[in-house]
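Survey of secondary and tertiary structure
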Amino acid sequence: MKKDIRVYTYEQLHREMEIQGEKAFRAKQIYEWLHVKLADSFSEMTNLSKELRSQLEASWQIAPVSMLECQESRLDGTRKFLFRLGDGNVVESVLMPYKHGNSVCISSQVGCRMGCRFCASTIGGLERNLTASEMLGQVYQIQKQSGERVSNVVVMGTGEPLDNYENLLVFLQILTGEHGLHISQRNVTISTCGIIPKMYELAKEHLQITLAISLHGATQEKRAQLMPIANQYKLSDLLIACDDYFRETGRRITFEYSLVHGINDTEKDAEALIFVLKERNCHLNLIPVNPIKERNFQKPDRKIAQNFKNKLEKSGINVTIRREMGADIDGACGQLRRSYVQNGGGKA
Ligand code: SAH
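Keep in mind the model is a prediction, meaning the values are calculated, not measured.

What to know about helix α1 (residues 10-19)
Buried within α1 we find Tyr10, Leu13, Glu16 and Met17. Seen from one end, α1 has its buried residues packed into an arc of 125 degrees, which puts them on one side. Residues of α1 that are exposed and point more than 90 degrees away from the buried face comprise Arg15, Glu18 and Ile19. Residues of α1 that are buried in the fold lie against α2 (24-35), α3 (50-59) and β2 (60-61). Gly21 sits one or two residues past α1 and shows a positive phi near 80 degrees.

Have a look at this one:
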């Protein structure tokens, strides 16, 4: 199989073109076609000679990420995209228009092996990792389709980004690099269920990205009830790793807490959460759970969620309830892909 040219960093592409005997400015042009003009094919690269274009075509590929479906929410303009990859797998991504700019949520894997109980993405298990090129492709396609600049990227779609660590780092480098879309690191968020060794590695990169931790339970027992990964990595160790990340990068951690009615939304749960977060410089995002049909989890009603938030706020915790986006279009993580696959499209 031909190598994918879109996974090369700016410096690597220069080196590669030098090996091929090409002039340095050719590498610059190709990189610009790929990562600024967002070309999907070599034939678009019209300022390159025909010979060079066919030479590139013969040696390289650009991983296809092609739009299959786009659903737009009538409530808030959120758009959900389904993309087909070169091997027939499908992934989903979301565009959320905010006042401060367009935010794109991308997938990092086809499926997921983390097994969180309320999450639709994990039900069929992990199919494979996405390459850096396939992660970039989601952002690039959405920017092209919408015709508007993407200013924020969150890696919160299907998959566990720290379970695909090497590709994630390449993706981040190209996405935020000055020769590509140059999205500010501060506008990029990576969400993890808490793969502790990788959190330490990421901290050492000293990136200015935001790390979001899926907490969902404020005691070891509660967390393990919802997230199997908690059996492997204990809550106490996770919190130490979070503190390390903050110390190394100066970036405040965001904690995500899906409110599941009757499971983690009681007064006692709020108190346990206060105990965990009160000495930490962090942000807490409460997400009323998005029910999926395979599981019997329900979201708390508005009042319970609001009381939960108020209690935390009174204790000085910086907390928001996440605004529900695109509730009318297969809202929860992985639901759109799942319904597509179940209806006989793509590969399971
Ligand atoms: N694997 C990563 C990122 C993917 S999920 C992680 O675990 O963080 C992004 C966030 O959405 C996580 O906090 C996840 O727990 C949450 N999530 C998944 N399914 C959900 C659902 N049905 N309702 C509410 N939150 C959900």
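A word on the site of the ligand
Residues in contact with the ligand amount to 18 residues; listed here are only the nearest, Gly159, Ser191, Ser214, His216 and Asn290. In this structure, Cys193 approaches the ligand through a main-chain N or O atom, which is 3.5 Å from an oxygen atom. Residue Ser214 places a side-chain N or O atom 2.6 Å away from an oxygen atom belonging to the ligand. Taking 530 Å² as the accessible area of the ligand by itself, protein coverage stands at 95%. Within the residue set of the shell around the ligand, elements represented by two or more residues are β10 (188-192) and β12 (253-259). Here the shell around the ligand is composed, by residue class, of eight nonpolar, eight polar and two charged.

A look at helix α11 (residues 302-314)
The end-to-end C-alpha separation of α11 is 18 Å, in line with the 18 Å expected for 13 residues at 1.5 Å each. Taken residue by residue, α11 has Ala305, Phe308, Lys309 and Leu312 as its buried positions. One face of α11 carries all of its buried residues, which in axial projection span an arc of 95 degrees. Set apart from the buried face of α11 by more than 90 degrees, the exposed residues are Lys303 and Lys314.

Some words on the sheet that holds strand β3 (residues 65-72)
Pairing in this open sheet of ten strands is mixed, and the strands run β3-β4-β5-β6-β9-β10-β11-β12-β13-β14 from one edge to the other. Both edges of this open sheet fall to β3 and β14 (319-321), since each of them pairs with a single strand only. Strand after strand, the sheet turns through a mean of 25 degrees between neighbouring axes, direction not considered. As defined by bridge partners, β3 adjoins strand β4 (residues 79-85) across seven bridges and the pair is classed as antiparallel. Its bridge partner lying in β4, Gln71 is registered against Lys80. Packed onto the sheet, helix α5 (residues 165-176) meets β9 (150-155) and β10 and runs at close to 165 degrees relative to β10.

A look at the pattern of salt bridges
Applying the stated criterion across every chain yields a total of 17 salt bridges. Between Glu256 and Arg322 there is a salt bridge whose closest N-O contact spans 3.5 Å. Here Glu256 is found in strand β12, whereas its partner Arg322 is found in the loop between β14 and α12 (335-342), with 66 residues between them in sequence. Each member of the salt-bridge network shares a partner with another, and the members are Asp87, Arg128 and Glu134.

Some remarks on the side chain of Ser121
Structurally, the position occupied by Ser121 is in the loop between β7 (109-111) and β8 (126-129). On the basis of relative accessibility, which here comes to 5%, the residue Ser121 falls in the buried class. Polar side-chain contacts of Ser121 include one of 3.1 Å to the side chain of Thr158.

Re the nonpolar core
Membership of the largest hydrophobic core comes to 99 residues, with the highest contact counts inside it found for Ile5, Phe171, Phe255 and Leu284. The element contributing the most residues to this core is α5, with seven residues. What Phe255 contacts, discounting residues up to four positions off in sequence, is Ile213, Leu215, Leu239, Cys242, Leu277, Cys282, His283, Leu284 and Asn285.

Structural notes on the pairing of β4
Burial of β4 is extensive: six of the seven residues sit out of reach of the surface. Between β3 and β4, which pair antiparallel in sequence order, lie six residues; one of them, Gly77, sits at a positive phi of approximately 80 degrees. Across six bridges, β4 lies against strand β5 (residues 90-98) in antiparallel orientation. Residue Arg84 lies in a different strand from β5, and its bridge partner there is Val90.

What counts, and where the lines are drawn
Residues numbered from 1 in each chain as written. Predicted model: local features only at pLDDT ≥ 70, side-chain atom pairs only at ≥ 80, totals over all residues. Heavy atoms only, no water. Buried < 20%, exposed > 50% of the residue type's maximum accessible area, 1.4 Å probe, protein only. Helix = DSSP H or I, 4+ residues; strand = E, 2+ residues; numbered from the N terminus. Arc of directions from axis to C-beta. Contact = heavy atoms within 4.5 Å. Near = heavy atom within 4 Å. Polar contact = N/O pair within 3.5 Å; in protein donor to acceptor, adjacent residues only side chain to side chain. Areas by Shrake-Rupley, 256 points an atom, 1.4 Å probe, with all protein chains shown as cover. Nonpolar A, V, L, I, M, F, W, Y, C, P; charged D, E, K, R; others polar. Expected span 1.5 Å × (residues − 1). Pairing = 2+ DSSP bridges. Axes fitted to C-alpha atoms, helices over the stretch in contact; angles between N-to-C directions. Salt bridge = Lys/Arg side-chain N within 4 Å of Asp/Glu carboxyl O. Core = buried A, V, L, I, M, F, W, Y, C linked by side-chain atoms within 4.5 Å.

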